[in-house]
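Residue-level structural notes
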Amino acid sequence: MMAAERALPASPNWYCSRCSDTSEDGHLFGFAARHNICLLEVRPAAPAFHGELVGHTERVSGFSFCHYPGQNNYCASSSDDGAVKIWDSQRRAVVTEHTLHQNTISALHWSPKVKDLVVTGDEKGIVICYWHNRNDSQQFFPEPRTIFCLTCSLHHENLVAIGYKDGIVVIIDISRKGEVIHRLRGHDDEIHSLAWCPVLGEESICSRQEELQEDTTTRGVTDEADLMKGYCLASGSKDQTIRVWSCARNRVLFTLKLPFLKRRGGGVEPAVKERLWLAVHWPQSHPTQILSSSFGGELLQWDLTQSGKRKWELLGASSEGQNHSRIVFNLCSLRAESRELLFSISMDRDVKCWDLASLNCCWTMPSLGGFVYSLAFSPVDTGCLAVGVGDSMLRVWNTLSINSHYDVKTFWQGIKSKITALSWHPTKEGCLSFGTDDGKVGIYDTHSSKPPQISSTYHKKTVYTLAWGPPVPPLSFGADGDRPSVTLYSCAGEGVVFQHNPWKLNGEAHDINKLIRETNSIKYKLPAHTEISWKPDGSILAIGNEDGSIEIFQAPDLKLLCTIQQHHKLINAIRWHHDHGTQPELSYLIASGSNNAVIYVHSIKSVIENSPEKPVTITEPFRTLVGHTAKITGLSWSPHHDGRLASVCYDGTAQVWDVLKEEPLHNYRGHRGRLLCVQWSPVDENCIYTGADDFGVHKWVATKQEHSRPPQGKKSIELDKKRSSQLKPKAKKKKKPSGKWSSSPDVNGSLNGGESVRESFLEENGISDQEGEKEQQESEPAEMVSMEGHKNPSLSLPVVCVPDTAKPPMMLKTPLVRKDQMKPGSESSVKRKKPRSILPLSTSMDHRAKEELHQDCLRLAKYLHSKDLQEDVTSHSVDHVNLGLFTDRPALYKMMDTEGKSHLENGHPELFQQLMVWKGDLKGALQSAAERGELTDQLVAISPMAGYQTWAWTVEAFAKQLCFQEQYVKAASHLLSLHKVYEAVELLKSHSFFREATVIAKARLRPEDPVLKDLYTSWAAVLEKDGHYSMAAKCYLGADSPYDAAKVLAKKGDTTSLKGAAELALIAGEKDLSMTFSFRCAQELLSSKNWVGAQAVLQQQESLLGHRLVFCLHELLHKCLNESNPVDSRSPSTPCYHSWVVKQDCSFIEMVSSVWQSMFGVSTAEQLQNIYEQLRTIEYPPSTSNTHPSSCSIFPMI
C-alpha cells in the first residue's frame, strides 16, 4: 500500500513510561498513538511518514525497538488489550505475540543485551520475560506493588530495574528467579522513568567528561572485574527529583531538584491543572549528562560534573517558542548523520526533534487528538489548509512553507468543543469561520492572536456546514457600504440554516426558511436541511435535505428553481464544479453524496438558462459514479482539471473519478478508519488531502496509487467487523446497549482528546468521541429533525464503541455524524435492552394459547361468582398461579412466592428481595439477603422501616459482608453509623488503612485516648519498615514520642536527615540525642571537606565546644598543607573553608591560638584545661584495618 507523502498523525498516547523509541540504525522513530504505532523516517529537515503498525484493539501502553546489533527492524509493543506483540517494522507485520498478562500492562522494554528478550510489567507487580525466538517465558513477582516503568540493563543481560508507584526502585536478576539484588529507597512518589548510565563505574560520571571519551560505547560486562566497577541508574519521580544511584553501594550519588522555570509565551488556562511527569534519558554519547523533562514542558540538560547548585541548562533557550507548552512524557535519542538527536513527545501533541550539540529544536511535527472533521484551503493565502479536529483545537497548515514541511499554527482560544465545519472568507486574508459540536459559529483572524468572534445565535445541535455567499434579505437591503458584500451561512443538526452578519456577529442571525416561505409561497413544512453550497459566482444556492432531496434556489430572493429527487437518504455533501475550466457548461455541474454509496452529478444549465415560472423536478442524473460501498462523506472537484472529482467514504478509501467518462481513476487506502473530509490541493494537480476518524490528515499523490477503484465490499465488511468487535466489550460492561444515538453526551472513556462524527460512539486519542446526529433523522418523522447528537460536517456512523484508554481515567464521548435511518433488523442498529420483568412467570402465562387463556377466564369466573365453590384456584396446579393476581391475598402471596423462588433459581436475588419488600416482609428480605451475602445499599437504606433493632442488625451484617468483599473503608463508615468507633478504627488498622483510621480516631475519640497513640505507633513501624522515615517521624511525633521520631529521622544517615534529627531532638529537649546526631552530621560533613557546614551544625550544641576547636585545628592544618603542597586530587568534593583572617608570618600553633581566641572566645589556660578534660571523657574504640580513615583521623591530637 502506498504511504502518504506527508501526514499529520494521531497524537502520541499520554501517561506511559515508554511509548516511543528510535531504531538502532538511526532510521526510524516510532510512538504509540491510540491503538496503533506510528513510524516516522528520521530526516534532517523534517520527518517522513513511514507507516503504521496496526493490530492492537485498545490503547498501546508501551513500545520499544530492539537495539541488539543486526536486529534493527524488530520492535515490541504492549496494549491494554492484554497482548504483547513482536513486529517487523520493514514489513509492518506481526512476527509473534503473547497474552500472558492477566492485568493491565504498564511497562515494556526490549533488552539491549539479548536479541529476543522482551520484558513487561503490569499494574499488579507481575514481571514477564518473553524470549520470542524460542517462544519461552518466565514470570516473576518481585514486589506486590504497581509497576510504573522498567528498563533492562545496558551492561548485564540478567539485570532489570523496576520503578513502582510508591517510589521504590528495585533491581532484579532474572537468572536467579527474579531475586531482588538492590532495593533503592529515597523517592516519595511515582517513578516515571528509569535510565541506565551508558558506561560502567561511578568515577566515570563524577570526573571530567574528556576523560571518558576513550570508551563511551562499552555495552557489555565480560567478567567479574568489570562488575566490580558497579553501575549507575537514574530515576525520575513525581516527587520533583531526579536521583542518580550507585547500585554497587545502594546509595544516592546525586539528587537533582527540578527548578521552577517561568513560563514564556503566556500561560495555560487556569482550569487546566497538569500533573508533573518526569521523564529522564541518559544519552549514550554523553555519560556525564542527563536529559529530563520539567514542570511546564521545558527540557533540561543536567551536567553531573558541574559544581554548585545549578547543574542544568535549558534546551531551546536561544529563541522563543522552541519548548513544549505542556508536560513531556517520553525522551529517546539516536545518532543520524554524525548528529545526536533527541525526540520528545508531550501533552501539547507536538513531536519535537532536538540537536544535542546546539540544544536547539530541529523540527516540530504536530499531531492530532481527535477525528478530522473538516479541511478547507484558503482562496487567498495559497496553500494554507485549515484543519478542524475533535480535540477542540483549530490548525492552519502552511503546506507551501519553505522552512518546514509541518508549519502548523494552532488556535484554541474561545473553542470549547469539537470543530466540525470550516470555511475561509472568499476575499479577506486570514478570515476563517468555524462551527462546533455544541452549535456555535465563530470567525478567527488567523494573522492575529486575538480570540475569535462568536455569533450570539447558537444552533441547537452540531454545525455540519459553513459557506460564504451573497447576502439575502433582510441583510441584502441597503446600499453597498451599509451591508457586507458576503455573509456567512451555517447549517446544523436541527435542520436549520442561519445567515450571520460578519460585521455584527453579536446581532441576531436570520433563519433563511422564512425567506424561502415568503418568496415561494410555501405553506407546508420544509424538510430539515443538512448541507448547503453556493455556486462559485454566488448566483445559485443548493440546499441538501435529510429526505435526500436537493433544492436549487436563485439569489438574492431564494426563488426555488428546481428540486433534484435522486437520492433517497440524507445528503452529506454537495459541491459545484469550478467556473474557470475550458468548458463553460461544466460550471453548471453539481455533485452530491448521501448516506448511500452512489455519487450523482447533475447539470442544471437548462433550468438556470430557461428560468421556469414553476419549480421543476429533476429525476435523471447527468452522470452516476458507482464503486464506493458505504456512505459518502465528502467531495472535492479538482481545480486543475475539467470534470475530475475526489470523494471520501466510510469504506475507508478515497477515490478520484473522471466524471465525464464515469470512470474510477485512482483509489487511496492509506487511512485506518472512515474518511470524513477531502480537499484537492490548489497548487499541485496530483495532490489530495484527506482527513479521517483515525486522527490523521494525509497528503497523497493520486497518480502513485496502485489501485484504481474502491474495494468491492471487502474493505467495508472488514471495518464493520472491526467496529462491531470493539462495540461488544463496551456493551457488555455497561449492560445497557443504546438503541438510539441518544443525546447522552456524558458516556465516558479516555486516551487524550475528545471527538464525534454525526452518529456513533468512537473514541479519539485519549478521550473517545461523541457522535450522533444526522443518521437517526431518517428513522424519525420529518419534524423530528435529529436527535441530540454531536458533530461532523458531513458524516454518519453506525454506533460503535472503540475502547481506549488511558490513564488517567478515560472519558468516552461520541463521534458526531449526520443522522442516518436505522432500519429495524439492520446490522447497524442496536436494540434497546428491556429491563428484566419482576413477574416473569405470571406474565408468560398470560401469553399462552387462546384456548388456555379462555379456560383461565372460566376458572376465575367460577371462583369469583360461585359461592359453593370457594376454593383456591391456584392450589391445584402451578399452571394457574397467575390467577392469584385477580383473586384474594393468600393466592397473591402464593403467586409472589412462586415468582421469588424462580428468581432465586435463575440467579436474580435482587428481584426476589424486591418481591418480599412489596409483600411487606422487609425483615425477612433483609435476613435472606444477609444469609446469602447479598445485602445492598438500597436494602440498608430502607431497613429503618422495620425498626431500629433491625436496622442496626442489618448495618452490622452489611459491614461484615463488605469486609469479605475487601471494601474495608466502606465497612468502617457503616460501623460509624452505629457509633462503633473503636471497631471501625481497628478494622482499618488491621488492614493497613492507617491514614483513614487516624482521621476517624482524631475526629471521634478523645485526644488522650490510648488507641490513638497505639495507632500512630503501629503506623510508624510499618512506615519505618518500608523506608518512609519522614512520615514515620511524623507519626512518632503524633504519638508524643519525639525521641523515637528523631531516631527514625536519622536512619537514612545522610547529612540532611542527621541535621533535621538533631534539631528535632533539641526542640523536644533530648539534648544528649541531639548532641549525638549533631556530631554524626558534622563527621559526615567533615568527610566531604565541608568545615563550614560542620561548624554550623556543632554551633547549636554548647557542650561540643571542644569538638569545634578540634575541627578548627583540623581545618587549619588541612588548609596549610594543601597550600604548601597542592595535590591533584580526583575527589569529587571541593574543600569548603572558613574565611578566617590569620597571620601569615606566625607559627602554626600561634595561628590556631589566634583563631580559637577570636572566633570561639577560648584564650585562658583554665578554659583549655576544662575542654581537654571534657574531650578525655569521650571513649573512642581503637581503630582497626576496617575502620574508615575519616573515622580515626578527625582527632589526631587526642
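Residues numbered from 1 in each chain as written. Predicted model: local features only at pLDDT ≥ 70, side-chain atom pairs only at ≥ 80, totals over all residues. Heavy atoms only, no water.

Things to note about the overall build of the chain
Formally: Put simply, DSSP marks the helices as runs of H or I at least four residues long and the strands as runs of E at least two long, and each gets a number from the N terminus on. The contact definition used throughout considers only heavy atoms, calling two residues in contact when any of these lie within 4.5 Å. The Shrake-Rupley method, run with a 1.4 Å probe, gives the accessible areas here. Residue values count only the displayed protein chains as cover.
Helix and strand counts for the chain come out as 25 helices and 59 strands. Once local pairs closer than 6 in sequence are excluded, the contacts in the chain between residues at least 24 apart make up 57%. By element, 50% of the accessible surface of the chain is carried by carbon and sulfur atoms, the whole surface being about 52,900 Å².

Describing the pairing of strand β10 (residues 105–110)
Put simply, the test is: A 1.4 Å probe rolled over the protein chains alone gives each residue an accessible area, and that area as a share of the maximum for its type sets the label: buried under 20%, exposed over 50%, partly exposed in between. A pair of strands counts as paired when DSSP detects no fewer than two bridges linking them.
Buried residues dominate β10, accounting for six of its six residues. As paired elements, β10 and strand β11 (residues 117–122) share five bridges and run antiparallel to each other. Across the sheet, the residue bridging to H109 is V119, located in β11. Linking β10 to β11, which pair antiparallel, is a turn of six residues.

Description of the sheet that holds strand β57 (residues 697–701)
Across a sheet, strands are paired by hydrogen bonds formed along the backbone, either parallel or antiparallel in direction. Rule in force here: Here the axes come from fitting lines to C-alpha atoms, over the contacting stretch only for helices, and the angles between their N-to-C directions go from 0 to 180 degrees.
Reading across from one edge, β1-β57-β56-β55 is the order of the four strands in this open sheet, with antiparallel pairing throughout. The strands lining the two open edges of the sheet, one partner per strand, are β1 (6–8) and β55 (675–680). Sheet twist, expressed as the average angle between the axes of neighbouring strands with direction ignored, equals 20°. The sheet contact formed by strand β56 (residues 687–692) and β57 spans five bridges and is antiparallel. Paired with Y689 across the two strands is K699, which belongs to β57.

Observations regarding the side chain of D239
The condition that has to hold: All tallies of charge rest on Lys and Arg as positive and Asp and Glu as negative; His and the ends of each chain are not included. Within this document, salt bridges are pairs made up of a side-chain nitrogen of Lys or Arg and a carboxyl oxygen of Asp or Glu, the two lying within 4 Å of each other. Polar contacts, as used here, are pairs of N or O atoms within 3.5 Å; protein pairs need one atom able to donate a hydrogen and one able to accept it. Residues neighboring in sequence count only if both atoms are side-chain atoms.
Its location among the elements puts D239 in the loop between β19 (232–237) and β20 (241–246). The buried charged residue D239 lacks any salt bridge, with R243 as its nearest oppositely charged partner at 4.7 Å. One polar contact links D239 to H187, side chain to side chain, over a distance of 3.1 Å. Ignoring anything within four residues of it in the chain, the contact list for D239 reads G186, H187, D188, D189 and K257.

Notes on the packing of helix α19 (residues 1055–1067) against helix α20 (residues 1071–1087)
This is how the line gets drawn: Any angle that falls under 35 degrees is termed roughly parallel, while one over 145 is termed roughly antiparallel, one within 65 to 115 roughly perpendicular, and all others oblique. By convention the crossing between two helices is left-handed if the near helix lies anticlockwise of the far one by an angle smaller than a right angle, and right-handed if it lies clockwise. Three classes are used, and their members are as follows: Ala, Val, Leu, Ile, Met, Phe, Trp, Tyr, Cys and Pro are nonpolar, Asp, Glu, Lys and Arg are charged, and the others, Gly among them, are polar.
Contact geometry for α19 and α20: axes closest at 8 Å, N-to-C directions at 160°. Viewed along their axes, α19 and α20 adopt a mutual orientation that is roughly antiparallel. Crossing hand, α19 versus α20: left-handed. For the pair α19 and α20, contact is made by T1055, L1058, K1059, A1061, A1062, A1065 and L1066 and by L1073, S1074, F1077, S1078, R1080, C1081, E1084 and L1085, respectively. In terms of residue class, the contact of α19 with α20 is built from nine nonpolar, three polar and three charged.

Considering the sheet that holds strand β38 (residues 463–469)
Reading across the sheet, the four strands line up as β38-β39-β40-β41 and stay open at both edges, with antiparallel pairing between neighbours. Strands at the two margins of the open sheet, each flanked by one partner only, are β38 and β41 (510–511). As judged from the six bridges shared by β38 and strand β39 (residues 487–492), these two strands associate in the antiparallel manner. Each residue of the ladder has a partner; that of G469, found in β39, is T487.

Concerning the packing of helix α16 (residues 1010–1026) against helix α17 (residues 1029–1038)
Running from amino to carboxyl end, α16 crosses α17 at an angle of 165°, the nearest separation of the two axes being 8 Å. Classified by the angle their axes make, α16 and α17 are roughly antiparallel. α16 and α17 meet at a crossing whose hand is left-handed. Along its contact with α16, which presents Y1016, W1019, A1020, A1021, L1023 and E1024, the element α17 presents Y1029, M1031, A1032, C1035, Y1036 and G1038. Per-class residue counts for the contact of α16 with α17 are ten nonpolar, one polar and one charged.

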